[in-house]
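# Fold and geometry: a report
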Amino acid sequence: MDGIAPGIPHRVAIERNPNSYEIPAVRIFIPDLPRMKGKRPTANFGILTVMPSADSRPLIEFRDVSYRVAGTDVLSGFNLEVQSGETVVLLGRSGSGKTSTLKLINRLLSPTSGEVRVKGVPTTQSDVIRLRRGIGYVIQDVGLFPHFTVERNISLVPRIEGWSIERIRARVRELMQMVGLPPEMLSRYPHQLSGGQRQRVGVARALAADPEILLMDEPFGALDPLTRDDLQREFLALQKRLRKTVVFVTHDLREAVRLASRIALMEAGQLVAVLSPDEFLRSDNPWAAAYVRAFGDGLESGRNRGTP
């Protein structure tokens, strides 16, 4: 069977009821299997159909999504697929619909029309509590509970999920090390931390229950340039290790080029381009080109953008 549909990563079979034989190619339905003995299959033997594997489906999918508030289109005709393990950066000006797009994924908002799917299931048909517990969420102002210690903030979702105390403690200490915070900070409260430290705690909390998806809404936007640079480097190192599926919001092209697998450029509630960082910097798309001109010199090339 060598040579049939090479390179197609799908689970396949040659079928003739009641017998079925597995091969690494495509699914071919054969009217008379015995006639194939000793012969190389051709199109004359049956109907060739590709059966997509679950692994090839996007983890997050927007299908012609619109979202309106008081008669105003916040998003319209929005179509986007996010594959497992990639970092898609939503780039755009204030009011372009980036944060609304993010909130449609974890159903903080619901589409006016169209469909948002997570793991192939429409979010409107998912149990909203289970959906959100499977998605980490990091926002610019962190959102830590001020009356909770660092340890209690990080352990919140695992406690809700019913993890044992031993497992929670081990996970919290693992995460503290992962985000570069010393264990003695576990007993501190958010007001006793710097902005960068609070943001690290926010990332640790989002990762606590090991979600497959991580949503990040301008997480480093309010920090000073040096702290922002440090956290971007740490994010790249974490992503290289964990391979989470990340949707990241920013208005900063330098940050997008540095962190993204792909950049989804938004303008006035519409998706105007989806490009890799290298493609974005060379694009003749008028909106992408305008961003490159606005940010001028100093944009990182795709060659060094992912260096932690």
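Heads up: the structure comes first, above all this text.
To keep things clear, this report deals only with the structure shown in the data block.

Definitions and limits used
- Residues numbered from 1 in each chain as written.
- Predicted model: local features only at pLDDT ≥ 70, side-chain atom pairs only at ≥ 80, totals over all residues.
- Heavy atoms only, no water.
- Helix = DSSP H or I, 4+ residues; strand = E, 2+ residues; numbered from the N terminus.
- Buried < 20%, exposed > 50% of the residue type's maximum accessible area, 1.4 Å probe, protein only.
- Polar contact = N/O pair within 3.5 Å; in protein donor to acceptor, adjacent residues only side chain to side chain.
- Pairing = 2+ DSSP bridges.
- Contact = heavy atoms within 4.5 Å.
- Axes fitted to C-alpha atoms, helices over the stretch in contact; angles between N-to-C directions.
- Salt bridge = Lys/Arg side-chain N within 4 Å of Asp/Glu carboxyl O.

What follows covers the overall build of the chain. Counting its regular elements, the chain contains 10 helices and 14 strands. Within the chain, the fraction of its 308 residues that count as buried is 46%.

This part is about the environment of Thr99. Summarising the element assignment, Thr99 is placed in helix α1 (residues 98-105). Each C-alpha atom of the pair Thr99 and Ile139 lies 9.9 Å from the other, and the pair is 40 residues apart in sequence. Separated by 3.0 Å, the side chains of Thr99 and Asp217 make a polar contact.

With a phi close to 50°, Ala70 is a non-glycine residue in the positive phi region. Look at Asp210: it is not a glycine, yet its phi comes out positive at around 55°.

With that settled, consider the sheet that holds strand β9 (residues 121-122). Strand order across the open sheet formed by 4 strands is β6-β5-β8-β9, with antiparallel pairing between neighbours. Only two strands of the sheet have a single neighbouring strand rather than two, namely β6 (72-82) and β9. Judged from the 5 bridges that link them, strand β5 (residues 60-69) and strand β8 (residues 113-118) form a sheet pairing that is antiparallel. Its bridge partner being in β8, Phe62 is matched across the sheet by Val116. The strands touched by α1 within the sheet are β5, β6 and β8, with β5 carrying the most contacts at an inclination of about 120°.

Attention now goes to the sheet that holds strand β10 (residues 135-139). The strand order across the open sheet built from 6 strands is β10-β11-β12-β7-β13-β14, with neighbouring strands paired in mixed fashion. The open sheet terminates on both sides in strands that have one partner only, identified here as β10 and β14 (270-275). If you compare each strand with its neighbour and ignore which way they point, the axes differ by 15° on average. With 5 bridges connecting them, β10 and strand β11 (residues 213-217) associate as parallel partners. Bridging from a neighbouring strand, Ile139 pairs with Asp217 of β11. The strands that α1 touches are β7 (87-92), β10, β11, β12 (245-250) and β13 (262-267); relative to β12, the one it contacts most, it runs at about 155°.

What follows is about the pattern of salt bridges. Should their charged atoms come close, side chains of opposite charge can pair. Taken as a whole and judged by the stated rule, the model has 14 salt bridges. Two residues, Glu115 and Arg63, come together in a salt bridge whose shortest N-O distance is 3.8 Å. Of the two residues, Glu115 is situated in strand β8 and Arg63 in strand β5; the sequence distance between them amounts to 52 residues. In this structure, the salt-bridge partner of Arg171 is Glu174, at a minimum N-O distance of 3.0 Å. One end of the pair, Arg171, and the other, Glu174, are both in helix α5 (residues 165-178), 3 residues apart, so they sit about a helical turn from each other. Note on Arg171: relative accessible area 13%, which makes it buried.

The analysis is restricted to geometry; functional conclusions fall outside its scope.
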